[in-house]
Amino acid sequence: MFANKPTLVGERVTLRPVGPEHVDGLLDLLADPEVRRLTGSHADPAGREAATRWYSTRGEQSDRLDLAICVGEEYVGEVVLNELDGDNLSCNLRVALLGARVFGKGFGSEAIRLVLDHAFTTTPLHRISLDVFAFNDRARHVYEKLGFVEEGVLRDALRWGGEWHDSISMAVLRPDWATRGRPARF
């Protein structure tokens with residue numbers, strides 16, 4: 001479903017298929033303490049060799065779409081459609097931005113809008129879901145603004161800094177996206 005790896009151009013950002021040229025940005029993203037907290041990433045960041053191998057092979061994966069979020073030529077994050085369930089025409093969305101210096105500028109909102117529009121107009125996908133930690137009010141607001149609906153709560157899903165945090169499950173459906181003035185053309 002995701003064999004085609006497009007470049008998607010918006011007003012603020014351009015989404016490009018990830019590749020080895022984006023590894024420095026990925027390493028910065030993975031090392032940022034606030035990004036790690038927002039994504040619940042406990043594992044030590046990948047080394048350069050592992051990150052290069054990872055980004056070098058994403059283009060070969062037809063069951064996922066990994067796109068670098070770029071402002072000009074600068075990598076500022078990634079947006080990913082993964083966990084594809086072809087039988088149920090659904091997948092997961094994940095997004096990560098390169099820390100506080102790029103938060104609040106609309107880059108994530110536009111990247112998500114671009115990838116949702118691409119998914120709902122070029123594939124038969126019916127449902128795109130995500131999980132967000134309850135403490136991430138900024139992200140929850142963005143997701144709701146883009147049409148995601150809260151579907152449930154995973155209680156105490158993350159232990160961070162000795163405290164438990166809930167995870168909120170959200171999704172947007174093809175008909176929801178189409179009624180927002182964005183025709184689902186597939």
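Preceding this paragraph is the structure being described.
This write-up is about the structure you can find in this document. Numbering of residues begins from 1 in every chain and follows the order in which that chain's sequence is written. Local features are withheld for residues below a pLDDT of 70 in this predicted model, meaning they are given only at 70 or higher, and side-chain atom pairs are given and counted only at 80 or more; totals for whole chains, interfaces and linings count all residues. Remark: hydrogens and water are excluded; side-chain values derive from all non-hydrogen atoms of the structure.

1. Details of the overall build of the protein chain
Part 1: Under the scheme used here, helices are H or I runs from DSSP no shorter than 4 residues and strands are E runs no shorter than 2 residues, and both carry numbers assigned from the N terminus. The number of helices and strands found in the protein chain is six helices and eight strands.
Part 2: Each helix and strand of the protein chain, ordered N terminal to C terminal, gives the series β-β-α-α-α-β-β-β-α-β-α-β-β-α.
Part 3: Taken along the three principal axes of its C-alpha coordinates, the protein chain extends 40 × 40 × 30 Å.
Part 4: When each of the 186 residues of the protein chain is scored for burial, the buried share is 46%.
Part 5: As presented, the protein chain carries roughly 9,300 Å² of accessible surface, and 48% of it is formed by carbon and sulfur atoms. Between buried and exposed lies partly exposed: a residue is buried under 20% and exposed over 50% of the maximum accessible area for its type, with that area taken using a 1.4 Å probe on protein chains only. What sets the accessible areas is the Shrake-Rupley method with a 1.4 Å probe; for residues, cover comes only from the shown protein chains.

2. Section: the side chain of Arg-58
Part 1: Looking at the element boundaries, Arg-58 is found in the loop between helix H3 (48–57) and strand S3 (65–71).
Part 2: Buried within the structure, Arg-58 lacks any salt-bridge partner; its nearest side chain of opposite charge belongs to Asp-66, at an N-O separation of 5.0 Å.
Part 3: N or O atoms within 3.5 Å of each other form a polar contact, as long as, within protein, one can give a hydrogen and the other can take it, and as long as residues adjacent in sequence are counted only when both atoms are side-chain atoms. Here the side chain of Arg-58 touches Thr-57 through a polar contact of 2.7 Å, side chain to side chain.
Part 4: Aside from chain neighbours lying at most four places away, what touches Arg-58 is Lys-5, Val-18, Arg-64 and Asp-66. Only four residue types enter the tally: Lys and Arg on the positive side, Asp and Glu on the negative side; His and the chain ends are excluded. Salt bridges, as used here, are contacts in which a Lys or Arg side-chain nitrogen is within 4 Å of a carboxyl oxygen on Asp or Glu. Should any heavy atoms of two residues lie within 4.5 Å, those residues are considered in contact.

3. Structural notes on the sheet that holds strand S1 (residues 8–9)
Part 1: We call two strands paired when DSSP finds no fewer than two bridges between them. One open sheet holds the eight strands; their spatial order is S1-S2-S3-S4-S5-S6-S8-S7, and the pairing between them is mixed. Two strands bound the open sheet, and with one partner strand each, they are S1 and strand S7 (149–160).
Part 2: Where strand S6 (residues 127–133) lies against strand S8 (residues 163–173), seven bridges are found, and the strand directions are antiparallel. Paired with Leu-130 across the strands is Met-170, a residue of S8.
Part 3: Lines fitted to the C-alpha atoms define the axes, with helices restricted to the stretch that makes contact. Angles between their N-to-C directions range from 0 to 180 degrees. In the packing of helix H4 (residues 107–122) onto the sheet, contacts are made with S1, strand S2 (14–17), S3, strand S4 (74–85), strand S5 (90–97), S6 and S8, and the angle to S3 comes to roughly 140°.
Part 4: Helix-sheet contacts for helix H5 (residues 137–145) involve S5, S6, S7 and S8, and the interaxial angle to S6 is about 160°.

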